[in-house]
Amino acid sequence: MTITPLMPVYPRCDVRPVRGEGCYLYGEDGEKYLDFASGIAVNLLGHGHPHLTKTIQDQAATLMHVSNMYGSPQGEKLAQRLVDSTFADTVFFTNSGAEAVECAIKTARAYHQSEGGDPQKQALITFNNAFHGRTMATISASSQTKMHKGFSPMLAGFKYAEFDDLESAKAAMGPDTAGFMVEPIQGEGGVRPASKEFLQGLRDLADENDLMLVFDEVQCGMARSGRLFAYEEYGVEPDIMASAKGLGGGFPVGACLATEKAARGMGFGSHGSTYGGGPLAMAAGEAVLDVVNNEEFLEHVRQMSDRIRSALEQLIPNHDGLFDHVRGMGLMLGIKLKSEVRPFMVHLRDNHGLLTVAAGDNTLRILPPLIIEEEHVNEFIEKLSAGARDYEIPEVS
Ligand SMILES: *Cc1c(COP(=O)(O)O)cnc(C)c1O
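This structure is a prediction, so every number in the text was calculated from the model and none was measured. (Residues numbered from 1 in each chain as written. Predicted model: local features only at pLDDT ≥ 70, side-chain atom pairs only at ≥ 80, totals over all residues. Heavy atoms only, no water.)

## Examining the overall build of the chain
A count of helical and extended segments in the chain gives twelve helices and 17 strands. Against the 2.2 N^0.38 benchmark of 21 Å for 397 residues, the chain shows a C-alpha radius of gyration of 21 Å, consistent with a compact globule. Across its three principal directions, the C-alpha atoms of the chain cover 65 × 55 × 55 Å. For the chain, with 397 residues in total, the buried portion stands at 54%. Put simply, 71% of the contacts in the chain that link residues at least 6 apart link residues at least 24 apart. When the accessible surface of the chain is summed, it comes to about 17,900 Å², and 51% of that surface belongs to carbon and sulfur atoms. Looking at charge distribution, the chain has the averaged site of its 34 positive side-chain charges lying 3 Å from that of its 53 negative ones. (Helix = DSSP H or I, 4+ residues; strand = E, 2+ residues; numbered from the N terminus. Rg over C-alpha atoms; globule rule 2.2 N^0.38 Å. Buried < 20%, exposed > 50% of the residue type's maximum accessible area, 1.4 Å probe, protein only. Contact = heavy atoms within 4.5 Å. Areas by Shrake-Rupley, 256 points an atom, 1.4 Å probe, with all protein chains shown as cover. Lys, Arg positive; Asp, Glu negative; His and termini not counted. Charge placed at Lys NZ, Arg CZ, Asp CG, Glu CD.)

Structure follows, in C-alpha cells:
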C-alpha cells in the first residue's frame, strides 16, 4: 500500500504545529513561528485565548451536543446577537464555510421557488477567481476549473462573470437569473476588495429585478476587515450572507444569515444539520463575539492594519524587484509580488519562521490574529524585510 492514512489531498509542508500561544505556533521540536496565517483567517483571537478556551471547556463539561429536534437556548442567543449586529433577521448555523454557502445557495433558490416567486429564476451569477468552498455546489459556483477536475458533472445553475465588473454581471443576466453571489473581498483569489460601485451596482440590479444578493463573507467577515462584516465598510447590504472561519475562532462553526424576505422559502423541514448550531459551537461563537464585537476592538484592528500598511509602503520601494503593491482591508492584506508567490512564502516560513498564505494572482496573504500588538507588527516587518533581503528571486524559465 502506498496511500497514506491521511488521504493525500494536501501537499503538506514540514511545519508540524503541536502547540499555539497567542500569535505563535510551536512545532514538534519546539520551533517557533510567528503566525500571520491564523489557520487561514480562522484563529482571530490567536491560540489559547483564555476567554475562548475557558468558554469551550465549561460548555463541553455542561452540554456538548444535542439534536436540533430540541429547543436551543444556546442557538437562540447567538442568532439574536448576530441579528442585532447585522442586516439579518434570521440565522442558520453550519459547521463550515462551504455549508454556510450551500445554505445561502438553497435560500436564494428557495426564495424564487416559494409563493410569490418566479421558479425559473434558478441561476446564481458568481465571479471569476471566486472561492466558495469544496462541496459539489460550491466548486460548481466557482469558475476555477482546477477545482472541477475529476469531479464532473458540475451542478447546474451557476454563471460566471468578471469580478468587479458590473457590465460583465449585467451581460450574464437572463430570465433564469436568481441573483448574485460574491465575496466583497476575494480571499483565495488574491485579496482583491471589490469596489463600492460594483457592490452597489449589484445591489441596484438585485432590487430592480427582484434578485437575491448573496455575500460570501466566510473569510473577510467577523472583524477581519476592521468592521464586524466587510459589507458595512461598503454601505451595501446583502439579502443573504455566509459567515464561518473566524466565527468560532478555531472551533468549527458557520452561519447563513438572511433577511426575513430572503428566507421566505426556508420553512420547516427545508434544511437541516445534525451538528449545526450545537451548544459547543454556539458557546465558541459567543466567546468570539464577546471579544470582537465592540468599537474599541474594531478600532484596534484598523489601527494595526494602518501600521502594517504604512510599514509595507516603506518596505516595498527597497525591494521593487520582488514586491509590487499592497492591497486589502483591515487585517486581510495582500502583497502582490512581481514573481511567483509560493517560493517566497516557503522561504519566509522555512528560513525566517514567518507563516503567511499564498493566494491567487501571486499574492502573499497576510492574515494575522486580530489580537496582534505593535510588537508583533514590528517582528513581522523585520522578518519580512530580512526575508526579502536574503531571497533570490527564481529565474523565470
Ligand atoms: C474558506 C472559504 C470558504 C469555505 O469554507 P470551509 O470552512 O473551508 O468550507 C468559502 N468561502 C470563502 C470566501 C472562503 O474563504
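That shown, we press on.
## Focus on the site of the ligand
Close contacts around the ligand come from Ser96, Gly97, Ala98, Phe131, His132, Gly133, Glu183, Asp216, Val218, Gln219 and Lys245, and that covers them all. Residue Phe131 places a main-chain N or O atom 3.3 Å away from a nitrogen atom belonging to the ligand. Within the contact set of the ligand, an oxygen atom lies 2.8 Å away from a side-chain nitrogen or oxygen of Gln219. A total of 380 Å² of accessible area belongs to the ligand in isolation, and the protein chains cover 81% of it. By residue class, the composition of the shell around the ligand is three nonpolar, five polar and three charged. (Near = heavy atom within 4 Å. Polar contact = N/O pair within 3.5 Å; in protein donor to acceptor, adjacent residues only side chain to side chain. Nonpolar A, V, L, I, M, F, W, Y, C, P; charged D, E, K, R; others polar.)

## Let's talk about the sheet that holds strand S11 (residues 240-243)
Strands sit in the order S4-S12-S11-S10-S7-S5-S6 across an open sheet of seven strands; the sheet is mixed. The sheet is open, and its two borders are formed by strand S4 (90-94) and strand S6 (158-161), each paired with just one other strand. With direction set aside, neighbouring strand axes in the sheet form an average angle of 20 degrees. Sheet analysis places strand S10 (residues 212-216) next to S11, joined by three bridges and oriented parallel. If you follow Phe215 over to S11, its bridge partner there is Met241. (Pairing = 2+ DSSP bridges. Axes fitted to C-alpha atoms, helices over the stretch in contact; angles between N-to-C directions.)

## With respect to a nonpolar patch on the surface
A cluster of nonpolar side chains, namely Met7, Val9 and Tyr10, defines an oily patch on the protein surface of about 400 Å² accessible area. Locating Tyr10 in the fold gives a position in the segment before strand S1 (17-21). Residue Tyr10 is classed as exposed on the basis of its relative accessible area of 58%. (Patch = residues over 30% accessible without salt bridge, like charges linked within 9 Å, V, L, I, M, F, W, Y side chains within 5 Å. Salt bridge = Lys/Arg side-chain N within 4 Å of Asp/Glu carboxyl O.)

## Quick notes on the environment of Lys261
By the secondary structure assignment, Lys261 is in the loop between strand S12 (254-258) and helix H9 (279-292). On the basis of relative accessible area, Lys261 is assigned to the exposed category, the value being 52%. Contact partners of Lys261, with chain neighbours within four places excluded, come to Tyr111 and Asp210.

## Let's talk about the sheet that holds S1
Taking strand neighbours across the sheet as the criterion, the four strands line up as S1-S2-S3-S15 in an open arrangement whose pairing is mixed. The open sheet is flanked by S1 and strand S15 (354-355), the only strands paired with a single partner. As defined by bridge partners, strand S3 (residues 32-35) adjoins S15 across two bridges and the pair is classed as parallel. Across the sheet, the residue bridging to Asp35 is Leu355, located in S15. On top of the sheet, helix H12 (residues 374-389) reaches strand S2 (24-27), S3 and S15; it is set at about 110 degrees to S3, its chief contact.

## Examining the nonpolar core
Among the nonpolar cores identified, the biggest contains 98 residues, and Phe127, Val292, Phe323, Phe380 and Leu384 are the most heavily contacted of them. If you tally residues by element for this core, the top one is H9, at eight residues. The residue makeup of this core includes at least three contributed by each of domain 1 (17-49 + 295-389) and domain 2 (63-292). Contacts of Val292, omitting those with residues within four sequence positions, involve Leu44, Leu45, Met222, Ala223, Leu228, Phe297 and Leu298. Ranked by size, the runner-up nonpolar core spans 23 residues in total, among them Tyr111, Phe158, Ala244 and Ala262. (Core = buried A, V, L, I, M, F, W, Y, C linked by side-chain atoms within 4.5 Å. Domains from an automatic or database assignment.)

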